[in-house]
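Letter by letter, the chains look like this.
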Amino acid sequence: MNKNFDAIVVGAGQAGPSMVQRLATAGMSVAIVERHLFGGTCVNTGCTPTKTLVASAEVIHQARRGSEYGIRIEGPISADMRAVKARKDRIVGTSRTELESWLREMNNCTVYKGHARFESAHELRVGDDLIAADKIFLNVGGRAIVPEMPGIDSVPYLTNTSILDLEVLPRHLLIVGGSYIGLEFAQMFRRFGSEVTVIEKGPHLLWREDADICGAIESIFANEGIIVRTEAECVRFARRGEDIVAGVNCASGEPEVVGSHVLLAVGRRPNTDDLGVEKVGLKIDARGYLEVDDQLRTNVPGIWALGDCNGKGAFTHTAYNDFEIAAQNLLDGRSRRVSDRIACYGLFIDPPLGRVGMSETQARASKRRIRVGQRPMTRVKRAVEKGNSQGLMKVIVDADTNEILGAAVLGPGGDEAVHAFLDTMSARAPYTTLRDTVHIHPTVSELIPTILGELQGPL
Ligand SMILES: Cc1cc2nc3c(=O)[nH]c(=O)nc-3n(C[C@H](O)[C@H](O)[C@H](O)COP(=O)(O)OP(=O)(O)OC[C@H]3O[C@@H](n4cnc5c(N)ncnc54)[C@H](O)[C@@H]3O)c2cc1C
């Protein structure tokens, strides 16, 4: 059946549904097409399930540490993986169904369940339907990469999607990839009771961060008995009976590790290979990301790309900000731009890392004169009181302009505390504004003015 709309949104991820609501509320007729699960990666196989599991892992970890706090817990403490999964499924399921019902009940909105593929610049085929609109918003997201490593096809492997269906505890989980996704799974499964080895080809875990941050994360992992094999330059796999052998060829240590399960966490690729982009001349880069300008317009008039598929961000908050930029420029006469966004993200291990702006390494590479303030969590009273004083906080300031260039807070509540830096940067206020602000005692955030008052440099 042929049907015309004012706008079509492809993908019900983190930008699409909000875009539909803005357009529909403005009186436009809108179609949204979703081929799989409403809520996309974040709700179904990303943020929500992992943070739900991280919460279960934190509870078991704290239960085991009960005696350190003077709390007696009788009997063995173990994870009931079926119940852990059931809790996660309940929370994910509620989010997904609420989103789907919201869209289905929305005025001016038609929901299509199926795969959308371009027929022309303004037409998409969804099963037997051909739908058309002058404005098309692509919010197709991405999926896990399965790298071409020798032997990978000879072993069963897990991705961030399939590992969420496990109802048994892996005896020994091998995780390939020491970045954000891999590290969250590493710590949670270790806490549930698995042996865990992280295999990373770089020189450190999360090696794009400053060396002091990487080092602190490695020591948090070492304290929990997580094995880390860095400089694994030649990873390969083979079966040995029930086990999986991973060859790692690291500079030191055993050349192979033996585990029961393998998780691949080595990056993601955009879902642009099955969209028919070639039919309409949509430009994609060498890695498959849709090319967009600073306002998220593709090279084809009337087509925008929002979220992970444009390669400008890889987070839920960046996808949502893409929606805000496109919607406000189109409907509110604004001229918001992606380049105004300050980079920020969290690593949700325990304690979590909150990051904004440049790392110290990036700031030095930019040839600015910088000043640096830092403090270990052992000197943050709230962290000590909570019994979680691993990590550190640091801030980098431009010595000539007094601008905050970047910050990291690795410690209890670090994912929340870092927003003080982010908001000051966003307000374009000098660091002295934050330095002179009174923060609540006793919090991790109260040391932020302190480290800004103790800056070293210029360096
Ligand atoms: C394990 C994991 C943990 C994460 N944790 C965090 C976190 O804590 N914080 C954070 O900010 N980010 C996190 N992320 C990243 C976050 O999930 C993504 O950045 C976010 O979901 C991107 O949203 P999106 O709307 O661009 O795409 P998606 O959420 O991927 O949505 C795209 C949707 O498009 C649909 N689709 C694709 N192609 C078509 C087509 N041709 N026709 C119809 N429908 C189509 C898909 O089915 C999907 O539903 C995590 C990711 C992973 C994998």
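See the structure printed just above.
Asker: Describe the side chain of Arg 191, with residues and values.
Answerer: Its location among the elements puts Arg 191 in helix 5 (residues 180-192). Apart from residues no more than four positions distant in its own chain, Arg 191 is found in contact with Ala 57, Glu 58, Ile 60, His 61, Arg 64, Glu 224 and Asp 350.

Asker: Got a sec to walk through the nonpolar core? Specific residues and values, please.
Answerer: Counting 51 residues, the largest nonpolar core has Ile 8, Met 19, Leu 103, Phe 118, Ile 131, Leu 138 and Leu 282 as the members making the most contacts within it. Filtering out sequence-adjacent residues up to four positions away, Ile 8 remains in contact with Ala 31, Val 33, Leu 124, Ile 131, Ala 132, Ala 133, Lys 135, Ile 136 and Phe 137. The next biggest cluster of nonpolar side chains, apart from the first, holds 36 residues, and it includes Leu 53, Ile 60, Met 81 and Leu 173.

Asker: Explain the packing of helix 3 (residues 47-64) against helix 5 to me, and be specific about the residues and the numbers.
Answerer: Where helix 3 contacts helix 5, the axes come no closer than 8 Å and their chain directions differ by 40°. Between helix 3 and helix 5, the interaxial angle falls into the category oblique. Relative to helix 5, the crossing made by helix 3 is left-handed. Contacts between helix 3 and helix 5 pair Thr 50, Lys 51, Leu 53, Val 54, Ser 56, Ala 57, Glu 58, Ile 60, His 61 and Arg 64 from the former with Glu 184, Phe 185, Met 188, Arg 191 and Phe 192 from the latter.

Asker: Hey, could you go over the site of the ligand for me, with residue numbers and the actual values?
Answerer: In the vicinity of the ligand, 38 residues are found, and the nearest of them are Gln 14, Glu 34, Thr 41, Lys 51 and Asn 139. A distance of 3.5 Å separates a nitrogen atom of the ligand from a polar side-chain atom of His 115. At a separation of 2.7 Å, an oxygen atom of the ligand approaches a polar side-chain atom of Asn 139. Of all elements in the fold, only strand 3 (30-34), helix 2 (40-44), helix 3 and helix 8 (316-331) reach the threshold of two or more residues within the shell around the ligand. Residues that form the shell around the ligand fall into these classes: 14 nonpolar, 19 polar and five charged.

Asker: An account of the side chain of Asn 271 is requested, with residue identities and associated values reported.
Answerer: If you trace the backbone, Asn 271 turns up in the loop between strand 17 (268-270) and helix 7 (277-280). Setting aside anything within four residues of it in sequence, one finds Asn 271 in contact with Arg 35, Val 140, Gly 141, Gly 142 and Arg 143.

Asker: Now, about the state of the cysteines: what can you tell me, with residues and values included?
Answerer: Evaluated as defined, the whole model comprises one disulfide. Disulfide pairing is shown between Cys 42 and Cys 47; the S-S distance is 2.4 Å. On the sign convention where negative means left-handed, the S-S torsion of about -130° between Cys 42 and Cys 47 marks this disulfide as left-handed. Note on Cys 42: relative accessible area 11%, which makes it buried. There is no disulfide at Cys 344, and the cysteine sulfur nearest it, in Cys 47, is 13 Å away.

The rules we used
Residues numbered from 1 in each chain as written. Predicted model: local features only at pLDDT ≥ 70, side-chain atom pairs only at ≥ 80, totals over all residues. Heavy atoms only, no water. Helix = DSSP H or I, 4+ residues; strand = E, 2+ residues; numbered from the N terminus. Contact = heavy atoms within 4.5 Å. Core = buried A, V, L, I, M, F, W, Y, C linked by side-chain atoms within 4.5 Å. Buried < 20%, exposed > 50% of the residue type's maximum accessible area, 1.4 Å probe, protein only. Axes fitted to C-alpha atoms, helices over the stretch in contact; angles between N-to-C directions. Parallel < 35°, antiparallel > 145°, perpendicular 65-115°, else oblique. Left-handed = near helix turned anticlockwise from the far one by under 90°. Near = heavy atom within 4 Å. Polar contact = N/O pair within 3.5 Å; in protein donor to acceptor, adjacent residues only side chain to side chain. Nonpolar A, V, L, I, M, F, W, Y, C, P; charged D, E, K, R; others polar. Disulfide = S-S within 2.5 Å.

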